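Residue strings, one per chain:
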Amino acid sequence: MQQLDYLKETPSQTAGPYVHIGLTPNKLGNDGIYPVDLGESPIQNGAKGEVITIVGTVRDGAGMVMRDALIESWQADAHGIYPGNDPRGAADPNVTGWARIIADFDSGEWTLRTVKPGRVPFPDGRMMAPHIALWIVARGINLGLQTRIYFEDEDNDSCPVLQRIEHRPRVDTLIAKKTGDGVYRFDIVLQGENETVFFDM
Amino acid sequence: MSDTSQTESKVQPRPVSKGPLFFRDRDWHPAAYTPGYKTSMTRAPFRPLVALGSTLSEETGPAFGHSMIGELDNNLIMNFTGQPAIGERIIMHGRVLDETGRGVPNVLVEIWQANAGGRYRHKKDAYAAPLDPNFGGCGRTISGADGSYEFLTVRPGAYPWPNRVNDWRPMHIHISVFGSGFGQRLITQMYFEGDPLIARCPIVKTIGSDRAIDALVAPLDMNRAIPMDCLAYKFDIVLRGRRQSFFENRKEGL
């Protein structure tokens, strides 16, 4: 028989408790190596669309707010085009789309200021509801967790990804709640009651 | 959307990345709930993951340009104060590949580590080994046209950590790597050939198979060592591949 000759993906290991040394050294206080931490903002001045702020926490199965969580976000621009390498064309030049967010060392709260993304097509052409992809790492997480932020003031019912969630009440864990003008709340629960939906995509 | 000139001046030009990602082999990666590593017990999701193929949201990803990388960013011996750090000098090098074996160019590789005594420059680390005033502990680079990357650093020390009463981490360097798609995002740790602590480490053993663990152990590479200067270790990083077929992306109902 012939060999397939594929390589195996490098196995993951936890980011550990000291992830900030590598990924946000300035926020940790280790200044002087890099001028700024990467991923400070997914938008620049002049980005088209509605500017929004999303605030939240990451909680573990014991109900503790995690002050060592690191989240990265990735999103399309207001027209639903991804920056950089979207095969459908160029995005808003003032949207980089990517942010690196850390839980506050004292309160555990995280904040993402961005523009609300547009709808993006699913592989079969149907449209996914506006969403921001998240990747969460921390001590105790062996493989980065994939989830998504959706918005309660959008039409989420026809989203082909959300439709794949069999236990319908759990869809609500992916919906950011509007708490003010342009402000949303999105709390992530890693384990137990109200556990956030995580994806294998 | 019409103005592309600004984008092109800010980011490295890259080919458009098409194709769904290879499915992740979850039996190869560590499970989420691994009691030997105690912290995972409250941080592992208990519900099954919602599994489906990748979409544009996973197949596209952020771009990083060579221009953002400083001259000493991949030199951890010199990049903190400009004075050399103490320790066994090593080159860490390898290639970023995908599962089809192709080199992945222009992707960001970031590393962080303890100093030669096993102490991290982090407010939460109170280990007895002293900080090295000339060692910050992080570095970054962008992979070359063939996916290659290289760092100059010191070999990190082993250190004890609070888990079972006498658990020690083997010498290791943390690695964060991007692909061309956000769904390829990966963090892992590189271990060193011959370290007897690897087989005893509960974090290493979150991985189920010996073959997968071997994929995280860097061999000594005397061909890349520099005589009278430094040793070298080779560590290739493999990201999820991309499927490409005429039969992909069939419309609904076909």
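This is a predicted model, so every value here is computed, not measured.

Taken residue by residue, the interface counts 82 residues in chain B and 73 residues in chain A. With four residues, the top contributor of residues to the side of chain B that touches chain A is strand β9 (residues 186-192) of chain B. Each residue belonging to the side of chain B that touches chain A can be placed in one class, and the counts come to 34 nonpolar, 30 polar and 18 charged. Where strand β13 (residues 199-200) of chain A meets strand β1 (residues 50-51) of chain B, two bridges bridge the pair, whose relative direction is parallel. Residue F199 of chain A lies in a different strand from β1 of chain B, and its bridge partner there is V50 of chain B.

Moving on, we get to the sheet that holds strand β4 (residues 138-142) of chain B. Residues and elements named next belong to chain B. Pairing is mixed across the open sheet formed by five strands, whose spatial order is β4-β3-β8-β9-β10. On the outer flanks of this sheet lie β4 and β10 (217-218), each paired with one strand and no other. Relative to β10, β9 runs parallel, the two sharing two bridges. By the bridge assignment, F192 is partnered in β10 with A218.

All names here are of chain B. Residues at a pLDDT of 70 or more form 89% of chain B, whose mean pLDDT is 91. Segment residues 1-16 is flagged for pLDDT under 50; beyond a separation of four residues in sequence, or across chains, it makes 25 contacts in the model. In the predicted complex, the global pTM is 0.94; the interface-specific ipTM is 0.97.

For the rest of this paragraph, the subject is unusual backbone geometry. Residues and elements named next belong to chain A. Unusually for a residue other than glycine, D5 sits at a positive phi of about 65 degrees. Tracing the backbone shows D5 in the segment before α1 (19-23). Classification of D5 by C-beta neighbours within 10 Å gives exposed; the count is 8. In this structure, N194 is a non-glycine residue whose phi angle is positive, near 60 degrees. Within the secondary structure layout, N194 lies in the loop between β12 (188-189) and β13. For N194, a count of 13 C-beta atoms within 10 Å puts it in the partly exposed group.

Another aspect to go through is the pairing of strand β8 (residues 132-137) of chain A. Residue and element names in this part refer to chain A. Within β8, six of the six residues are buried, which leaves the element mostly enclosed by the surrounding structure. Of the two faces of β8, the one lined by I132, L134 and I136 and the one lined by A133, W135 and V137 are each fully buried. Summarising the sheet, strand β3 (residues 70-74) and β8 pair through five bridges and their orientation is antiparallel. Counted as the bridge partner of W74 is A133 from β8.

The rules behind these values
Along each chain, residues carry numbers from 1 onward, in the same order as the chain's sequence is written. Naming scheme: in the order in which they are written, chains are lettered from A and ligands are numbered from 1. Owing to the predicted nature of the model, reporting of local features is limited to residues with pLDDT of at least 70; listing and counting of side-chain atom pairs is limited to 80 or more, with chain, interface and lining totals taken over all residues. By the criterion used throughout, residues are in contact when their C-beta atoms, derived from the backbone, lie within 7 Å. Think of it this way: any DSSP run of H or I at least four residues long counts as a helix, any run of E at least two long counts as a strand, and we number them from the N terminus. Three categories are distinguished: nonpolar for Ala, Val, Leu, Ile, Met, Phe, Trp, Tyr, Cys and Pro, charged for Asp, Glu, Lys and Arg, and polar for the others, with Gly belonging to the last. Strands are treated as partners if at least two bridges between them are detected by DSSP. Per residue, pLDDT captures the predictor's confidence, and it can take any value from 0 to 100. Neighbour counting defines burial: a residue surrounded by 20 or more other C-beta atoms within 10 Å of its own C-beta is buried, one with 12 or fewer is exposed, and intermediate counts give partly exposed, using backbone-placed C-beta atoms.

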